[in-house]
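Architecture at a glance
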Amino acid sequence: MQAQQILLDSRPDGLPTHANFKLVPVSLPAIQMGEFLVKNLWMSVDPYMRGRMVDRESYIAPFVLGEALEGGSIGEVIESRHSSFPVGAKVTSMLGWRSHYVTDGSDHTLLPETPLSESHFLGVLGMPGMTAWTGLNRIAELKEGETLFVSAASGAVGSVACQLAQLMGCKVIASVGSDEKATHLKSLGVDAVINYKTVDNLSAALQVAAPQGVDVYFENVGGEHFAAALDNMNDHGRIAVCGMIAQYNDTAPTPGPSNLALIIMKKLKIEGFIVFEHWAHYPEFTQQMAQWLSTGAVKAEQTIYEGLASAPDAFIGLFEGKNRGKMLVKLS
Ligand code: NDP
């Protein structure tokens with residue numbers, strides 16, 4: 001059958017552009033015994049994919065030029081010669097960026113039966129939600145009553161981190177790139193929200209929002225945010241370094257903050273993490289999160305682009321603040 005996929009056509013220099021992607025037709029072979037055909041329904045675009053577009057050694061292999069991109073997806077089995085993956089089953093895989101594909105089921109997981117939307121398994125119930133939970137609980141060891149600062153706070157990871165901390169009885173201060181995002185987070189009960197694009201001095205704004213200081217910083221952005229957090233951390237504060245999206249498109253080395261000595265003076269603990277190293281805890285996380293979602297204790301936002309051809313726009317949009325909550329592509 002004829003399918004479509006999106007290739008990495010060239011490696012981006014700075015912010016990715018449409019020229020880096022190519023939508024191509026592909027002929028899929030007939031399925032053999034032990035194989036099945038999947039029609040993708042949803043695919044995820046995530047900031048970490050920008051790192052995979054660079055040809056360098058990292059915790060995950062770079063994308064290969066001229067080959068289909070990869071990323072989280074949810075699909076439906078539409079033809080099967082595999083007893084564990086019958087027609088109609090929904091599966092998750094890393095074979096996003098394509099309309100259909102044939103597989104033997106390696107690295108595929110059947111989606112559990114749930115009254116919740118299946119798309120949440122790419123967001124709040126999937127890798128981004130698990131990242132927020134891991135950063136707060138396993139890395140920063142956030143405790144009831146503490147003050148948390150979260151950057152990129154209205155995104156997939158940040159919005160969950162804010163809500164989980166609120167459930168723990170913490171004071172939550174968030175940083176976002178628009179007034180509309182700030183209003184939304186306040187409606188979710190976040191104590192104070194800073195629009196980093198409109199304040200003159202992020203560190204001073206954080207001090208006003210957190211006069212009692214910050215105990216835990218959930219770092220998603222880097223650069224000025226990291227420096228502002230250091231200025232405002234309390235003694236023995238913890239920083240969970242999850243991401244540094246402000247630097248992913250840099251074309252020259254980013255200058256470091258000038259206040260790193262505060263790490264010593266304030267006796268801070270700073271720890272980076274990659275969520276996949278914590279995946280043994282996914283069942284514990286997903287059980288709690290499914291409950292919070294179904295009771296409405298956690299609200300899941302999504303920004304949805306329509307059609308495979310819109311995937312490059314959705315991906316580029318992550319670096320332009322175009323999403324609130326999880327950025328997803330719905331495949332038609
Ligand atoms: P988001 O849904 O938060 O999307 C990205 C958001 O980042 C944008 O909406 C934008 O919001 C903000 N942003 C983009 N560019 C900048 C910039 N230059 N300065 C400040 N903010 C910016 O993405 P995720 O929630 O999926 O990821 C958040 C972070 O977590 C990323 O750094 C990502 O790499 C990291 N991550 C790390 C994982 C790990 O295992 N360590 C796993 C998953 C994610 P705004 O409008 O507010 O600017």
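Residues numbered from 1 in each chain as written. Predicted model: local features only at pLDDT ≥ 70, side-chain atom pairs only at ≥ 80, totals over all residues. Heavy atoms only, no water.

1. Describing the nonpolar core
Counting residues in hydrophobic clusters, the biggest one holds 43 residues, and the most contacted among them are Leu136, Leu148, Phe218 and Met289. Those elements that provide at least two residues to this core are strand E3 (36-44), helix H2 (127-139), strand E8 (147-150), helix H3 (156-167), strand E9 (171-176), helix H4 (179-187), strand E11 (214-219) and helix H8 (282-295). Per-element accounting of this core gives the leading share, six residues, to H3. Counting contributing residues per domain, this core is built from domain 1 (2-120 + 300-330) and domain 2 (127-276), each supplying no fewer than three. Apart from the residues within four sequence positions on either side, methionine 289 is in contact with Val124, Leu125, Val160, Leu164 and Val298. The next biggest cluster of nonpolar side chains, apart from the first, holds 23 residues, and it includes Ile6, Phe21, Leu318 and Leu331. (Core = buried A, V, L, I, M, F, W, Y, C linked by side-chain atoms within 4.5 Å. Buried < 20%, exposed > 50% of the residue type's maximum accessible area, 1.4 Å probe, protein only. Helix = DSSP H or I, 4+ residues; strand = E, 2+ residues; numbered from the N terminus. Domains from an automatic or database assignment. Contact = heavy atoms within 4.5 Å.)

2. Description of the domain arrangement of the chain
With domains assigned, the chain is organised as domain 1 (2-120 + 300-330) and domain 2 (127-276). Taking only C-alpha atoms, the centre of domain 1 and the centre of domain 2 are 29 Å apart. Facing 17 residues of domain 1, the contacting portion of domain 2 comprises 14 residues. Counting the surface lost from both domain 1 and domain 2, the interface buries some 1300 Å², and carbon and sulfur atoms represent 62% of this. In terms of surface lost to domain 2, no three residues of domain 1 exceed Tyr59, Phe319 and Arg324, which account for 33% of the buried area on that side. Linking domain 1 with domain 2 are one salt bridge, by the criterion used here. Our count for the contact surface shared by domain 1 and domain 2 stands at six residue pairs in polar contact (both at pLDDT 80 or more). Residue classes in the side of domain 1 that touches domain 2 are distributed as seven nonpolar, four polar and six charged. (Buried area = accessible area lost by both parts, 1.4 Å probe. Salt bridge = Lys/Arg side-chain N within 4 Å of Asp/Glu carboxyl O. Polar contact = N/O pair within 3.5 Å; in protein donor to acceptor, adjacent residues only side chain to side chain. Nonpolar A, V, L, I, M, F, W, Y, C, P; charged D, E, K, R; others polar.)

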